[in-house]
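Residues per chain, in single letters:
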Amino acid sequence: MDSLTKFIRTHILLFGFLCLISFHAEAAVKKYQFDIQVKNVSRLCHAKPIVTVNGRFPGPTIYAREGDRVLVNVTNHAQYNMSIHWHGLKQYRNGWADGPAYITQCPIQTGNSYVYDFNVTGQRGTLWWHAHIFWLRATVYGAIVITPKQGTPFPFPRPAREEVILLGEWWNADVEEVEKQGNNLGLPPNMSDAHTINGKPGPLFPCSEKHTFAMEVEQGKTYLLRIINSALNDDLFFAIDNHCMTVVEIDAVYTKPFSTQSLLIAPGQTTNVLVRANQIPGRYFMAARPFMDVPIPVDNKTATAIFQYKGIPNTVIPKFPNLPAPNDSAFALSYEDKLKSLNSAQYPANVPLKVDRNLFYTIGLGRNSCPSCVNGTRLTASLNNISFVMPQVGLLQAHYFDIKGVFKTDFPDKPPTPFNYTGAPLTANLRTARGTRISKIPFNSTVELVLQDTNLLSVESHPFHLHGYNFFVVGTGIGNFNPAKDRAKYNLVDPPERNTVGVPTGGWTAIRFRADNPGVWFFHCHLELHTGWGLKTAFLVEDGPGSDQTVLPPPKDLPPC
């Protein structure tokens with residue numbers, strides 16, 4: 001073989017090898033093992049058994065790159081049924097991997113396993129995963145970090161380091177017993193005993209010196225915080241004393257950067273911020289505290305962690321940030337108004353300008369008769385006066401296999417009885433019905449959904465999450481939605497794009513999305529309290545005409561019902 005031939009063959013092999021490396025770098029397969037197991041954990045001077053993933057609280061972070069395939073084998077060793085939701089992942093055509101129990105699957109029973117197999121397509125940023133059955137997500141949750149494709153930079157300065165910040169809640173009692181007791185009494189379950197940052201309440205609580213998260217930073221460097229509100233029932237303010245934060249992403253979608261001293265984050269939402277360590281070296285508190293602008297009891301305690309400059313001894317007492325007042329509605333509305341999509345050539349905001357289907361959903365609380373309950377009534381919640389009843393078979397299975405009698409597709413596009421939604425408090429149920437009723441949406445149609453808070457029992461803010469989709473938040477306001485006036489004020493250029501949106505207290509929020517992901521997708525309030533009372537429904541998005549526009553066949557190991 002002459003030297004020229006050798007040279008050519010060698011370089012062909014090298015080129016092929018480099019292509020193989022490039023291919024694997026672009027689309028790797030990431031495998032994770034999640035063992036659902038009970039472990040004794042101590043907080044606030046109380047030790048108790050909690051349900052965990054791999055014995056960790058919070059659970060492990062899922063790392064993937066845009067374009068990767070992810071396989072998570074979940075093996076249930078706990079006494080409770082289990083399912084895991086990958087919050088914010090679109091799961092195109094693949095509702096079988098979405099995770100909400102009795103919506104897209106039946107739960108994983110004790111001793112059984114199920115592999116969640118999904119692709120990360122067209123998404124990069126911070127999302128999260130959590131249990132999606134009962135109140136088990138109080139301890140079963142963790143982050144999902146999706147890095148951009150190889151060679152694709154962030155649309156903001158590269159940070160020196162990243163840190164995941166998981167905001168949560170802690171109960172001294174068994175969370176499942178707390179929920180059960182509340183249901184039996186017909187009352188809200190007991191509120192949490194503490195808020196936490198990365199599973200730790202911080203030094204303001206008893207027995208918590210060692211249960212304090214600390215992040216070491218170096219003078220002059222910039223850090224990316226991936227902040228996730230994994231609390232069950234509380235919107236939270238977050239701040240770092242004397243340090244400005246620059247918001248660059250929400251719900252794994254890049255935003256136009258803006259600076260803020262504090263941020264507001266609802267349950268289910270994520271926010272990425274850049275923080276520059278540019279203050280006098282010391283120890284500074286990071287703090288999280290609830291936002292509640294109506295007289296409803298909440299756990300108003302403040303969780304803290306420490307933003308600690310390198311070389312500063314632990315004996316230095318941290319300084320506390322100036323958080324907004326717990327009922328600061330003006331800050332909440334002003335902060336939300338600053339959120340805008342980046343809307344660049346690389347990351348456009350493809351807002352639907354023409355709407356095929358207009359939906360108007362009212363959010364209501366109420367009381368149903370319950371002779372065995374404390375006050376003879378049980379609290380309930382509804383959308384368009386319908387309190388959702390969970391089925392015993394997954395809705396997606398019922399749809400795919402054409403199982404009759406599981407659900408009806410007659411969920412109304414508007415409330416049956418119009419009224420002054422945010423006027424004087426009303427105690428009537430307005431003929432609230434119960435049922436497993438969902439809305440059928442033609443494939444690729446564009447949808448506008450206006451969510452209207454009401455004063456049935458009380459006005460209150462509600463974070464709503466849509467599975468399988470992102471949507472654009474085109475408008476929000478206080479009072480009753482007025483189509484003639486309010487639509488004229490919509491932002492159809494660069495509205496925030498997200499998967500979970502807060503409906504303001506006594507107000508409304510309008511979202512738009514294109515129904516291009518076939519399947520059955522859960523839509524619910526992300527306050528676990530309200531979800532349990534029935535504040536939920538689902539969308540059945542029909543198959544499209546193309547072979548790549550239909551629901552994928554189910555996996556062979558789908559959990560039995």
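Quantities reported herein were computed from a predicted structural model and do not represent experimental measurements.

Visitor: Tell me about the overall build of the chain, and please be specific about residues and values.
Guide: The secondary structure content of the chain amounts to six helices and 32 strands. Taken against the 2.2 N^0.38 rule, which gives 24 Å for 561 residues, the C-alpha radius of gyration of the chain at 24 Å falls within 12% of a compact globule. Summarising its shape, the C-alpha atoms of the chain cover approximately 90 × 65 × 55 Å along the three principal directions. Pairs at least 24 apart in sequence give 79% of the contacts found in the chain among residues at least 6 apart. Total accessible area on the chain is roughly 22700 Å²; 55% of this is exposed by carbon and sulfur atoms. For the chain, the distance from the average site of its 50 positive side-chain charges to the average site of its 44 negative ones is 2 Å.

Visitor: Talk me through helix H3 (residues 329–337); I want residue IDs and the actual numbers.
Guide: Phe331, Ala332 and Tyr335 are the residues of H3 that are buried. Down the axis of H3, the buried set is contained in an arc of 100°. They therefore lie on one face. Among the exposed residues of H3, those oriented more than 90 degrees off its buried face are Ala330 and Asp337. In this structure, the buried residues of H3 make contact with strand E13 (235–240), strand E14 (245–250), strand E15 (253–260), strand E16 (262–265), strand E17 (270–276) and strand E18 (283–291).

Visitor: Account for the confidence of the model for the chain, with residues named and values stated.
Guide: Note that predicted coordinates carrying low pLDDT should not be read in detail. Chain-level pLDDT for the chain is 94 on average; 95% of the residues reach the 70-or-more range. When the criterion is pLDDT under 50, residues 1–24 qualifies, and its contacts beyond four places in sequence or with other chains add up to two contacts.

Visitor: Please give an account of the sheet that holds strand E26 (residues 462–466) that cites residues and values.
Guide: In space, the five strands of this open sheet follow the order E24-E32-E31-E26-E29, with mixed pairing throughout. Of all the strands in the sheet, just strand E24 (439–441) and strand E29 (500–503) have a single pairing partner and so form its edges. Adjacent strand axes in the sheet meet at a mean angle of 20°, parallel and antiparallel pairs treated alike. Two strands pair when backbone bridges link them, and E24 and strand E32 (residues 536–541) are joined in this way by three bridges, in the parallel orientation. The partner of Ser439 across the bridge, within E32, is Phe539.

Visitor: Requested: an account of the state of the cysteines, with residues and values cited.
Guide: Put plainly, two cysteines are in a disulfide when a covalent bond ties their sulfur atoms together. In the structure shown here, the tally under the stated rule is three disulfides. Across the disulfide from Cys45 sits Cys207; the S-S distance is 1.9 Å. Around the S-S axis, the bridge from Cys45 to Cys207 shows a dihedral of about 95° and counts as right-handed. Linking Cys45 in the loop between strand E1 (29–43) and strand E2 (46–53) with Cys207 in the loop between strand E10 (194–197) and strand E11 (214–217), this pair joins segments that are 162 residues apart in sequence. Look at Cys45 and you get partly exposed, because its relative accessible area is 46%. On the accessibility criterion, Cys207 (47% relative accessible area) is partly exposed. Paired by a disulfide, Cys370 and Cys373 hold their sulfur atoms 2.0 Å apart. Measuring the twist about the S-S bond at about 70°, one finds the Cys370-Cys373 disulfide to be right-handed. You'll find Cys370 and Cys373 in the same group, each marked buried. When the cysteines engaged in disulfides are numbered in sequence order, the chain pairs them as 1-3, 2-6, 4-5.

Visitor: Residues and numbers for the pattern of salt bridges, please.
Guide: On inspection of all chains with the given rule, the structure shows 17 salt bridges. A salt bridge links Asp117 to Arg69, with the nearest nitrogen and oxygen atoms 2.6 Å apart. On the criterion of sequence distance, the pair formed by Asp117 in strand E6 (residues 113–119) and Arg69 in strand E4 (residues 69–76) is long-range, its members being 48 residues apart. For Lys301, the salt bridge goes to Asp299, with nearest N and O atoms at 3.2 Å. You can call Lys301 partly exposed: its relative accessible area is 32%. Via salt bridges that share partners, Glu448, Arg487 and Arg512 belong to a single interconnected network.

Visitor: Just give me the short version of the nonpolar core, but keep the residues and values in it.
Guide: The biggest cluster of nonpolar side chains holds 48 residues, and the ones touching the most others in it are Ile84, Trp86, Tyr116, Trp129 and Leu395. In this structure Ile84 touches Ile36, Val74, Asp98, Gly99, Tyr116, Trp129, His130, Ala131 and Val140, once residues within four positions along its chain are discounted.

Visitor: Tell me about the UniProt feature "domain: Plastocyanin-like" (unreviewed entry) in the chain, residues and numbers included.
Guide: UniProt records the feature "domain: Plastocyanin-like" (unreviewed entry) at residues 36–150, 163–311 and 410–543, using the numbering of this structure. In this annotation, residues 163–311 is assigned 7% helix and 48% strand; the end-to-end C-alpha distance for the span is 19 Å.

Visitor: I'd like to hear about the environment of Thr104, residue by residue, with values.
Guide: Mapping Thr104 onto the fold places it in the loop between strand E5 (84–87) and E6. Its relative accessible area of 0% is what places Thr104 among the buried residues. Put simply, Thr104 and Val520 are 416 residues apart on the chain and 7.0 Å apart in space, counted from C-alpha to C-alpha. At a separation of 3.4 Å, a polar atom in the side chain of Thr104 contacts the main-chain carbonyl oxygen of Gly95.

Visitor: Account for a nonpolar patch on the surface, naming residues and giving values.
Guide: A contiguous nonpolar surface patch, about 220 Å² in accessible area, is contributed by Leu185, Leu187 and Val374. Take Leu185: it is sitting in helix H2 (residues 175–185).

Visitor: A description of the side chain of Thr505 should follow, citing residues and the corresponding values.
Guide: Relative to the assigned elements, Thr505 resides in the loop between E29 and strand E30 (507–514). Here the side chain of Thr505 touches Asp293 through a polar contact of 2.7 Å, side chain to side chain. Among the polar contacts made by the side chain of Thr505, one reaches the main-chain amide nitrogen of Ser461 at a distance of 3.1 Å.

Visitor: Report on the pairing of E10, specifying residues and quantitative values.
Guide: Side chains of E10 alternate between two faces, with Ala194 and Thr196 and His195 and Ile197 buried alike. Note that strand E9 (residues 161–170) and E10 share four bridges and pair antiparallel. Bridge pairing links Trp170 to Ala194 in E10.

Visitor: Give me the lowdown on the environment of Gly468, citing residues and values where you can.
Guide: With respect to the helices and strands, Gly468 occurs in the loop between E26 and strand E27 (471–478). Linking Gly468 and Trp86, residues 382 residues apart in sequence, is a C-alpha distance of 9.8 Å.

What counts, and at which threshold
- Residues numbered from 1 in each chain as written.
- Predicted model: local features only at pLDDT ≥ 70, side-chain atom pairs only at ≥ 80, totals over all residues.
- Heavy atoms only, no water.
- Helix = DSSP H or I, 4+ residues; strand = E, 2+ residues; numbered from the N terminus.
- Rg over C-alpha atoms; globule rule 2.2 N^0.38 Å.
- Contact = heavy atoms within 4.5 Å.
- Areas by Shrake-Rupley, 256 points an atom, 1.4 Å probe, with all protein chains shown as cover.
- Lys, Arg positive; Asp, Glu negative; His and termini not counted.
- Charge placed at Lys NZ, Arg CZ, Asp CG, Glu CD.
- Buried < 20%, exposed > 50% of the residue type's maximum accessible area, 1.4 Å probe, protein only.
- Arc of directions from axis to C-beta.
- pLDDT = per-residue confidence, 0-100.
- Pairing = 2+ DSSP bridges.
- Axes fitted to C-alpha atoms, helices over the stretch in contact; angles between N-to-C directions.
- Disulfide = S-S within 2.5 Å.
- Salt bridge = Lys/Arg side-chain N within 4 Å of Asp/Glu carboxyl O.
- Core = buried A, V, L, I, M, F, W, Y, C linked by side-chain atoms within 4.5 Å.
- UniProt positions renumbered as here; feature names shortened; annotations may be inferred.
- Polar contact = N/O pair within 3.5 Å; in protein donor to acceptor, adjacent residues only side chain to side chain.
- Patch = residues over 30% accessible without salt bridge, like charges linked within 9 Å, V, L, I, M, F, W, Y side chains within 5 Å.

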